[in-house]
Structure formats: structure tokens, C-alpha cells
Amino acid sequence: MMSKACVVLVAAGFFVATCVAPVQAEPWIVEKGQPRAEIVIAEHPVRTVRLAAADLQEYVQKMSGARLPIVTQPSGNAIKLYVGRSPDTDRLGITAEGLKYGAYRLVSGDDWMVFLGDDTEFVPREPWPRSNASIASGELQKAWEAVAGGPWGVPNTTMWKDRHKIPATVGLPDAAPQPGKNEYFEVWAYDERGSYNAVCGFLHKLGVRWLLPGELGEIVPRMDSIPLPKIDETVQPDFEIRQFSFHGPWEWAQWAMRLGARSPYGLQTAHGMSRLGRPEIFAAHPDWFAMYGGKRRFDPESKNNHFCYSNEELFRETVRYVRAQFDVYDFEGVSVMPPDAYISICQCPLCEGKADPDRGPRGVLSNHVWDFVNRVAKEVAKTHPGKLIYCCAYGTYSLPPTNIDKLEPNVQVLIVGGRRPKSGVAQQAEIRAFRESWLPKTDRPIMIFENYPLTNRGWYLPCFMARTIGQSINETKGISRGEEIWISPHQEFDGAAAFDAFQVYFTARMYWGGKEQDIEALLDEYCRLLYGPAGDAMKAFFDYCEL
Ligand SMILES: [Zn+2]
């Protein structure tokens, strides 16, 4: 027999994984539009817990009309919704231990429920850009050179875009003094958000969806009563890195957060070597740069100045630069990927004979480039064990090298186009074979880098490839640490949301749910909820796109 709680939820038209067993007196979060619970946070909560409490309050109110108070001390009879770590969760013995990368726990008792995960706050290391001004003025570069000890390019110039100003009223306990209109606190995209994911996970169970950024894309079921579920769940993401690189207004960043995205601090995916392509360095060491037509080439306006990877001094300088980045910024890894695709090898005598034209355009420089990467990694490991050297499989060095049986254990391989969902189902066998050809070369899980084809890219068309996205993500679970996806080269995400948001939404949902995440069910739901009466026609459109 179904419990009362299940009846309520099924009547609302939404599947709920956890049904409440019949009990004597039903505990309610909201009962017939009346608040029966309060949101309890720590006296001094971390900043993402304030976001979590605010979302729980906002969506319960949108669903039921009932506004749950936010408190720091339980007041007595109300059901207690503990969000984030507090003395109360400690007393209950419920901790965030073992919850990594945004994993979370939802646990309830007779009159309480805990929403908990790792909420470690990101602490930036100096020097870092507060805004674009310190980059444009050269101040940041100067400050970095002073501590790094070399003329290399400062590596953290995009950080300021990942810091968001939140009005000080958000997630504020009811009894706290009202802040002024212009008071803010800040969150970083790099803050861990386990408890926030817990709240979003619970709201998702209740049927809330964020299909597009902003209110237009919100699906909020109407529920007069919301029962306190009987629940004890630990939810793990399928990838540790779930990064969508678009920079826009808070509304967009918040959307990605609600979808469970995760951007680790300082992730350097692409073209790390380009920051050595500076005028001062060229002036002092022209022979570190690639020779074309008998001349060392350098264009101060270009980010794609190529190097001579046979030059031993360049190798030693690269090692110094990498070490300095670890020392100053404590990144997990540093990219030594060549600038751009390195279409033509340096034509100096040292590089002669080092290309492998018989391997074709995607492998002609694989042995040459990956040998350099591998040597840097081996050298850096002597002083910085545990730190990673990143390089992308891209352009002329896409294919795995044949001169290295196994890469150094600290080499992190990122595969550009490792899923490439714009190509459709028919091309996936080839992409799978490419992706998996790398697996024997490394004992580390791979990472994937994608440029999603969006209308803003001009030459691409919007793609509605639900199954291609879904299947390729399910296939990489267990062999990949995760993904960075670039949404548009100009970081503009407005103006085409109805087209573009689908890929972000669907991809983000596929990052959770395990290896068997149900692609068809996810697509059915998306069409039904977003398009309403046109849902069947839109599903047919999706089917057509993947023919
Ligand atoms: Zn050369």
C-alpha cells in the first residue's frame, strides 16, 4: 500500500525515489501550506551553506507557499532541516567524511533531516587578479614575477571571473540584523558545494528542475504539503571534474551550480606553453622558438608562438616555470601543452627527422610533443611529487605516442574531442576508438576536453544529440576523471539559450546517476517539462537530429 506521502507526490506527477513508510503522526516539512520546519545552519556558516539554505527556503516557498525560517538554534517543536555542518550535525554523528568532489548525504530521523557534504571554502593564493584592471595594467604580471623569479606569463588571469558577489541578505538567519542594501559576500566557483548539492538533490527528488538559466527554465511542482522523508542516502558524482567554462552573470553560474557542476581551482587544460611566448623571452632566447623558412618566428600579437622542443634550455626553463607555478599557486597540475595545434614542426637542424609523417596529420608530432611532456613530468616529479603535468591530445599530437610505452605517472592526458557529441551516433565508434587508444599509455584516468558546438561559435549548428551525449558520458564513467567543456570562445552565453542550454543541462545531469544513467527517461522528461503540449513533437525532433 502506498503511504500518504507517496500519494501526494505521485499526484503531483513526479517520481520520487524515496517513499515514506506509513507512520502514526506524519512529520511534515510543510502541512497544507503551513511551515512545520525550520532551516538550521551554523552560527557562522560557510558561504555555500548560505546559498544552500537560501535555495531550500526559496523553493519550498515556491512549491507550497510556506516560508521556512532560517535559524542557528533549533527553536523547539519544528522539524529541523540541518543544512551544512553545525554542532547539531556533529552531535548526530553525521559528517562529511569521505564525501569528495561534491558528493553528499541526505539523512533523516523522527523530526530532523541533514543535508551535508564537503563545503571547503576556496582561499586564493597571492598574487591573484581582483579584476581585469590588474591584468590590463601589468600589475599582476609584475607581482607574479617578483615571487616566481622569472619572466614567464602569470597563469591565473581568468580567476576573477569565477568570483561572484552575492547580496548579504541571501541565506541570512531570520534573527540576524538586516544588512545594508549594498552589502555582499562572495563565493568562488572553486568553493566545494557538497551541502548545496544535497539541497538541490532533495529539491530534484521533489520534482524541481532547472532546465534553463533563470526563472523561465524552472519547473516547480505545486505541493501544499511536503512530508519529511525517511531517508539515508549518500550520493556520489560520476566524475570529480564537471566544469563548464562560460563566464556570465550570476544567474548562469548559479544554474550550473544547481546542476551539480564542479570547477576545481586552477584547472589548466589547454596551451600552457603559450605563456612562455613573451617578447622578453624571445629577445633573450630566440633559439627557444620554432624556426620556419630559416628564421626564428615570433609575433608579439599572437598567443600561438611555437617553440623548438629539441632545445635543452627550453626544456630546463619549462621545468623552472612549472615548478614556480606549483610553488606560488599550489595548482593540482600545470599544462605544458604547446600553443595551439603545432601544425608544423620547427625546421631547425635539431628538430630534423623528429616528425612522423607516416602517422598522418593527427599523429605526425605525437612522439615529439609527448616525449617533451614526459621528460618535463619526470624532472618535475623529483621536486614536486604528486603534482601533475597536463597535456591535451590535440592537433598533430592527438594520437598516443609510439615511442613511450607508459607515460610517467604524473602525466595527465586530456583528450580533446574525446566525446565530440556534435558528430552524432554514427561517428561515435571512431571517437570511442580514439579515446580508448590512450588507455594503455597511462595508469591515470584520462580527462576530456570538449568544445561544445553552440550557435555563438558561428560555424557550428546547435546540436540536439541527447543519446550521443548520454551514451558517450556513460561510456567514460570509470575511465575518466571528468571534463572541461568550453561553451563559446568569447564566453558569451546570452542570446541563444533556448538552443544552447540543452547541451549543458543534459551533460550536467549525465555527470550523475551512475553508469546506467537512463538517457531516454532524461530526454522524455526534458521534452515533457520544457515543451509541455509540444513535448512529443520535440521528442520527434530530437530523434530526427540523431538519425
Ligand atoms: Zn627545433
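How each quantity is defined
- Residues numbered from 1 in each chain as written.
- Predicted model: local features only at pLDDT ≥ 70, side-chain atom pairs only at ≥ 80, totals over all residues.
- Heavy atoms only, no water.
- Helix = DSSP H or I, 4+ residues; strand = E, 2+ residues; numbered from the N terminus.
- Buried < 20%, exposed > 50% of the residue type's maximum accessible area, 1.4 Å probe, protein only.
- Donors = N, O, S within 2.8 Å, 3.2 Å for Na, K, Ca; no water.
- Tetrahedral: all angles 85-135°; square planar, octahedral: opposite > 155°, others 65-115°.
- Phe/Tyr/Trp six-rings, centres within 6.5 Å; stacked < 30°, edge-to-face > 60°.
- Lys NZ or Arg CZ within 6 Å of the ring centre and 35° of its normal.
- Domains from an automatic or database assignment.
- Contact = heavy atoms within 4.5 Å.
- Buried area = accessible area lost by both parts, 1.4 Å probe.
- Salt bridge = Lys/Arg side-chain N within 4 Å of Asp/Glu carboxyl O.
- Polar contact = N/O pair within 3.5 Å; in protein donor to acceptor, adjacent residues only side chain to side chain.
- Nonpolar A, V, L, I, M, F, W, Y, C, P; charged D, E, K, R; others polar.

What's the story with unusual backbone geometry in this structure? I'm lost.
Only a minority of non-glycine residues have a phi that is not negative, and only a minority of peptide bonds are not trans. With an omega of -10°, the peptide bond between E126 and P127 qualifies as cis. In this structure, P127 sits in the loop between β7 (112–117) and α4 (133–136). Backbone geometry at D340 places phi at a positive 55°, although glycine is not the residue there. Turning to its location among the elements, D340 is positioned in the loop between β17 (333–335) and α10 (366–383). Note on D340: relative accessible area 26%, which makes it partly exposed. Of note in the backbone geometry, Y342 takes a positive phi value of approximately 50° without being a glycine. Position of Y342 relative to the elements: it lies in the loop between β17 and α10. You can call Y342 buried: its relative accessible area is 0%.

When you look at the coordination of the zinc ion in this model, what are you seeing that I'm missing?
In ideal tetrahedral geometry, four donors around a metal make angles of 109.5 degrees, whereas ideal octahedral geometry with six donors gives angles of 90 or 180 degrees. All of the protein donors around the zinc ion are C308 (SG), C346 (SG), C348 (SG) and C351 (SG); their distances to the metal are 2.2 to 2.4 Å. Classification of the site at the zinc ion rests on its four donor atoms, whose angles at the metal span 103 to 116°, yielding the label tetrahedral. Going along the chain, you hit the donors of the zinc ion in the pattern C-x37-C-x1-C-x2-C. Assigned by exposure class, C346 and C351 land together as buried.

Explanation requested: the packing of aromatic side chains in the structure shown.
To describe a pair of aromatic rings, one takes the distance between the centres and the angle between the planes. Counted according to the given criterion, the structure contains 37 aromatic pairs. It is R50 that lies over the ring of F185; its NZ or CZ is 4.2 Å from the centre. In this arrangement the basic side chain of R362 is found over the ring face of F434, its NZ or CZ atom lying 4.6 Å from the centre.

It is not clear to me how the domain arrangement of the chain should be interpreted in this structure. Could you clarify?
For interface size, the figure often reported is the accessible area lost on association. Segmentation of the chain into domains returns domain 1 (4–121 + 162–236), domain 2 (243–263 + 417–547) and domain 3 (267–413). Taken together, the 31 residues of domain 1 in the interface contact 24 residues of domain 2. Of the roughly 2,400 Å² buried between domain 1 and domain 2, counting both surfaces, carbon and sulfur atoms make up 62%. In this structure, R209 engages E525 in a salt bridge whose closest nitrogen and oxygen atoms are separated by 2.8 Å. Our count for the contact surface shared by domain 1 and domain 2 stands at seven residue pairs in polar contact (both at pLDDT 80 or more). Elements that contribute at least two residues to the side of domain 1 that touches domain 2 include exactly α2 (47–64), β8 (163–167), α6 (194–205), β10 (209–210) and β11 (218–219). Looking at the side of domain 1 that touches domain 2 residue by residue, the class counts come to 17 nonpolar, seven polar and seven charged.

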